[in-house]
Amino acid sequence: MFLSTNARLKSCSRRPKMKIDYISDIHLDMYVSDLTDKKAIKFIDTYMKPNPDSEALIIAGDIGHIDSDNVVLLARLGEYYDKVFFCFGNHDLYDVFST
């Protein structure tokens, strides 16, 4: 379907705004070790407290040192949000070859 420029601009202005949560410096390994699904859910509900209206989460680095725990946390966060975006922080790259 072809839309004129005016129609496109008009439809864009009606789009609802996306609600996004953001966090950084979680340092998961300071709070919990050997993360299980149950521990991850408790950690998320206790410390992160996701907004049920938010569609996406941005994690701006430093999830934790232990890759396997980071994977569990990210998987569980995917149940709270439609999209989870993250970038590595310096702590995410420590011990990268030993975990």
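Rules and cut-offs
- Residues numbered from 1 in each chain as written.
- Predicted model: local features only at pLDDT ≥ 70, side-chain atom pairs only at ≥ 80, totals over all residues.
- Heavy atoms only, no water.
- Patch = residues over 30% accessible without salt bridge, like charges linked within 9 Å, V, L, I, M, F, W, Y side chains within 5 Å.
- Areas by Shrake-Rupley, 256 points an atom, 1.4 Å probe, with all protein chains shown as cover.
- Salt bridge = Lys/Arg side-chain N within 4 Å of Asp/Glu carboxyl O.
- Buried < 20%, exposed > 50% of the residue type's maximum accessible area, 1.4 Å probe, protein only.
- Pairing = 2+ DSSP bridges.
- Helix = DSSP H or I, 4+ residues; strand = E, 2+ residues; numbered from the N terminus.
- Right-handed = clockwise from strand over helix to strand, strands pointing away.
- Lys, Arg positive; Asp, Glu negative; His and termini not counted.
- Polar contact = N/O pair within 3.5 Å; in protein donor to acceptor, adjacent residues only side chain to side chain.
- Contact = heavy atoms within 4.5 Å.
- Axes fitted to C-alpha atoms, helices over the stretch in contact; angles between N-to-C directions.

## Here's the deal with a nonpolar patch on the surface
- On the surface, M18, I20, Y22, I58 and F85 cluster together into a nonpolar patch covering about 550 Å² of accessible area.
- On the accessibility criterion, Y22 (71% relative accessible area) is exposed.

## Overview of the pairing of strand β1 (residues 20-23)
- Looking at chain direction, β1 and strand β2 (residues 56-60) are connected through 4 bridges and run parallel. Across the sheet, residue I23 finds its bridge partner in β2, namely I59.
- The parallel pair β1 and β2 is bridged by helix α2 (residues 37-48), and the resulting crossover is right-handed.

## Describing the side chain of D21
- Summarising the element assignment, D21 is placed in strand β1.
- Buried charge D21 goes without a salt bridge, the closest partner of opposite sign being K19 at 9.5 Å.
- Within the structure, the side chain of D21 is placed 3.1 Å from the backbone nitrogen of N51, a separation counted as a polar contact.
- In this structure D21 touches P50, N51, S54, A56, L57, I58 and Y81, once residues within four positions along its chain are discounted.

## Let's talk about the sheet that holds strand β3 (residues 83-87)
- Sheet architecture is open: 3 strands sit in the order β1-β2-β3, paired in parallel fashion. Strand pairing shows two members of the sheet lacking a second neighbour, β1 and β3, which therefore form its edges. Ignoring which end each strand starts from, the neighbouring axes of this sheet average 15 degrees apart.

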